[in-house]
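# Examination of the molecular architecture
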Amino acid sequence: MTILPPEPFPQGATSAQVAFHRSELAVIMPLYGRMVAAGEWRDYGISCLRDAAVFSVFRRTAEHPLYRIEKRPKLRNKQGQYAVVGMDGQILKRGHDLKSVLRVLERKLIRAVD
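Here's a quick rundown of the structure. Since the model is a prediction, treat every value here as computed from it, not as a measurement.

Across its full length, the protein chain holds two helices and five strands. If you list the helices and strands of the protein chain from N to C, you get α-β-β-β-β-β-α. Taking all 114 residues of the protein chain together, the buried fraction comes to 30%. Within the protein chain, contacts between residues separated by at least 24 positions form 33% of all contacts whose residues are at least 6 apart in sequence. Carbon together with sulfur atoms contributes 53% to the accessible area of the protein chain, which is approximately 8200 Å² in total.

Here it is as structure tokens:
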């Protein structure tokens with residue numbers, strides 16, 4: 001009779017979560033820092049869900065997010081796994097490359113100087 005030690009995390013009990021990789025956060029955080037320095041954004045939140053990872057950007061802590069940067073790996077082969085969603089739920093930009101998707105937010109930083 002063979003006695004096996006108990007598994008610390010049984011295979012069926014854990015559910016896989018989607019999260020941002022360090023390289024993806026290295027693209028998002030400099031943009032966040034520039035927008036904070038410009039006074040546009042003040043807070044952020046990261047949600048790691050079963051089917052998506054969401055980086056939410058807030059003007060004030062108690063409000064709804066101004067923008068959501070979403071990563072949905074199931075859409076990788078179709079429309080692209082990255083999307084920027086506005087406050088009203090409208091998808092502003094979607095694609096395969098995170099840097100190109102975030103350019104829609106960088107345009108918000110450019111203003112005319114009088």
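Note on pairing: side chains with opposite charge can pair once their charged atoms come close. Tallying each qualifying case throughout the model produces six salt bridges. A salt bridge links Glu70 to Arg72, with the nearest nitrogen and oxygen atoms 3.1 Å apart. According to the relative accessible area criterion, Arg72 is partly exposed, its value standing at 27%.

So, on to the sheet that holds strand S3 (residues 67–71). On the basis of which strands lie adjacent, the open sheet formed by five strands has the order S1-S2-S3-S4-S5 and antiparallel pairing. In this open sheet, the two edge strands, each paired with only one partner strand, are strand S1 (43–48) and strand S5 (91–95). Neighbour to neighbour, the strand axes of the sheet diverge by 15° on average, direction disregarded. Bridge analysis of strand S2 (residues 53–58) against S3 gives five bridges, and the strand direction is antiparallel. Considered in S3, the bridge of Val57 is made with Tyr67.

Counting 20 residues, the largest nonpolar core has Ile28, Trp41, Phe55, Ile69, Val84, Leu102 and Leu105 as the members making the most contacts within it. Within the residue set of this core, elements represented by two or more residues are helix H1 (22–37), S2, S3, strand S4 (82–85) and helix H2 (98–109). In terms of residue count, H2 provides more of this core than any other element does, five residues in total. Here Trp41 is in contact with Leu31, Tyr32, Met35, Val36, Val57, Phe58, Leu66, Tyr67 and Leu105, once residues within four sequence places are set aside.

Our next topic: a positive patch on the surface. On the surface, a cluster of positive charge is contributed by Lys93, Lys99, Arg103 and Arg107. Position of Arg107 relative to the elements: it lies in helix H2.

Burial of S4 is two-sided: the residues Tyr82 and Val84 facing one way and the residues Ala83 and Val85 facing the other way are all buried. The pairing of S3 with S4 spans four bridges and is classified as antiparallel. Bridge pairing in S4 places Lys71 opposite Tyr82. Pairing geometry for S4 and S5, over four bridges, is antiparallel. When the sheet's bridge partners are listed, Tyr82 is paired in S5 with Gly95. Between S4 and the antiparallel strand that follows it, S5, lie five residues; Gly89 among them carries a positive phi value of about 95°.

What counts, and at which threshold
Counting from 1, residues in each chain are numbered in the order their sequence is written. Per-residue local features are limited, in this predicted model, to residues with pLDDT of at least 70; the limit for side-chain atom pairs, both in listing and counting, is 80 or more; totals at the level of whole chains, interfaces and linings are taken over all residues. Only heavy atoms go into the side-chain values, all of them from the structure, while hydrogens and water stay out. A run of H or I in DSSP becomes a helix once it reaches four residues, and a run of E becomes a strand once it reaches two; helices and strands are each numbered from the N terminus. Exposed residues in this analysis have more than 50% of their type's maximum accessible area, buried residues have under 20%, and partly exposed residues fall in between, with area computed by a 1.4 Å probe over protein chains only. Contacts are residue-level and defined by heavy atoms, with any inter-residue pair within 4.5 Å sufficient. Per-residue and other accessible areas follow the Shrake-Rupley method at a 1.4 Å probe size, with only the shown protein chains counted as cover for residues. The salt bridge definition used is simple: a Lys or Arg side-chain nitrogen within 4 Å of an Asp or Glu carboxyl oxygen. DSSP calls a pair of strands paired once it identifies at least 2 bridges connecting them. Axis lines are fitted to C-alpha atoms, over the contacting stretch for helices. Their N-to-C directions set the angle, which ranges from 0 to 180 degrees. By nonpolar core is meant a set of buried Ala, Val, Leu, Ile, Met, Phe, Trp, Tyr and Cys residues that side-chain atoms within 4.5 Å join together. A patch consists of residues whose relative accessible area exceeds 30% and which take part in no salt bridge; residues with like charges are grouped when within 9 Å of each other, and nonpolar side chains (Val, Leu, Ile, Met, Phe, Trp, Tyr) when within 5 Å. In this tally, Lys and Arg are treated as positive and Asp and Glu as negative; His is ignored, and so are the chain termini. To locate a charge, the coordinates of NZ of Lys, CZ of Arg, CG of Asp or CD of Glu are taken.

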